Amino acid sequence: MTKSARTLPGDWYLGPIPSNVKIDDTAYIETAYSFSRCRSQIPEAVTIGYGTSAYLGTMFDMAPTGRVNVGQYVLLNGVWIICDHEVVIGDYTLCSWNVVIMDTYRAPESSIQRRMMLQEVSQRSPRNLEAMKPGEPVHIGNNVWLGFEVCILPGVHIGEGAIVGARSVVQDNVEPYTIVAGNPARLIKRLDPTDPIA
């Protein structure tokens, strides 16, 4: 990264990485476009740890009060993080293609309220949806594997060493060293944390 302009050499996207995004020198960020929806105004809105990689398609879609902390040696492969409050991703976590991690819905359950919200959004620039209630923190522990197209919903905590099967929708907490899958995600198997193969 070019320190003065906070841009990435050879990047197709000419926009800068926001000054409140802290990226370890050993981390790999494929494009600054990943931060084009980062509207957070807080200091250290995004922290990306040692040896972490964020590949094309990864997006930090953050409200003015959002904070994301990505640990060490994390792989973000086209992950969309929607954060109005807090998302924490632990060390050695593997996030496969098209994972969505969201601490907010940004839309009301009521169809009448959604219709009114969409009408309001069409009249402003930029056309961002703003949450009607506070976000609920999402915490993903160390050494977690999220299969492709997993969706993590607001308020979920995923324990250390857990595996979430592809295309699962996680609405409840996941215990450490378990495998969950499905919509909604359900317990499939318990893992032995002392097993060197597990």
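Structural notes, computed from the coordinates.

1. Overview of the sheet that holds strand 13 (residues 145–146)
In space, the eight strands of this open sheet follow the order 2-4-7-10-13-16-18-19, with mixed pairing throughout. Each of the sheet's edge strands pairs with one partner strand only, and the pair in question is strand 2 (28–29) and strand 19 (185–190). As paired strands, strand 2 and strand 4 (residues 53–55) are joined by two bridges and run parallel to one another. By the bridge assignment, Y28 is partnered in strand 4 with S53.

2. Focus on the pairing of strand 18 (residues 178–182)
When a strand is regular, its side chains alternate between the sheet's two faces. Judged from the two bridges that link them, strand 16 (residues 163–164) and strand 18 form a sheet pairing that is parallel. What sits directly across from V164, in strand 18, is V180. Pairing analysis gives five bridges linking strand 18 to strand 19, with the strands arranged antiparallel. Along strand 19, the bridge assignment pairs V180 with L187. With antiparallel pairing between neighbouring strands as the criterion, strand 18 and strand 19 make up a hairpin whose turn holds two residues.

3. Describing the environment of A54
Within the fold, A54 resides in strand 4. Considering only alpha carbons, one finds A54 and V79, 25 residues apart in sequence, at a separation of 8.3 Å. For A54, the residues in contact, after removing those within four places along its chain, are Y28, I29, E30 and L76.

4. Some words on a nonpolar patch on the surface
A contiguous nonpolar surface patch, about 350 Å² in accessible area, is contributed by W12, Y33 and L56. Mapped onto the fold, Y33 is located in the loop between strand 2 and strand 3 (46–48). For Y33, a relative accessible area of 35% puts it in the partly exposed group.

Calculation notes
Residues numbered from 1 in each chain as written. Predicted model: local features only at pLDDT ≥ 70, side-chain atom pairs only at ≥ 80, totals over all residues. Heavy atoms only, no water. Pairing = 2+ DSSP bridges. Helix = DSSP H or I, 4+ residues; strand = E, 2+ residues; numbered from the N terminus. Contact = heavy atoms within 4.5 Å. Patch = residues over 30% accessible without salt bridge, like charges linked within 9 Å, V, L, I, M, F, W, Y side chains within 5 Å. Areas by Shrake-Rupley, 256 points an atom, 1.4 Å probe, with all protein chains shown as cover. Salt bridge = Lys/Arg side-chain N within 4 Å of Asp/Glu carboxyl O. Buried < 20%, exposed > 50% of the residue type's maximum accessible area, 1.4 Å probe, protein only.

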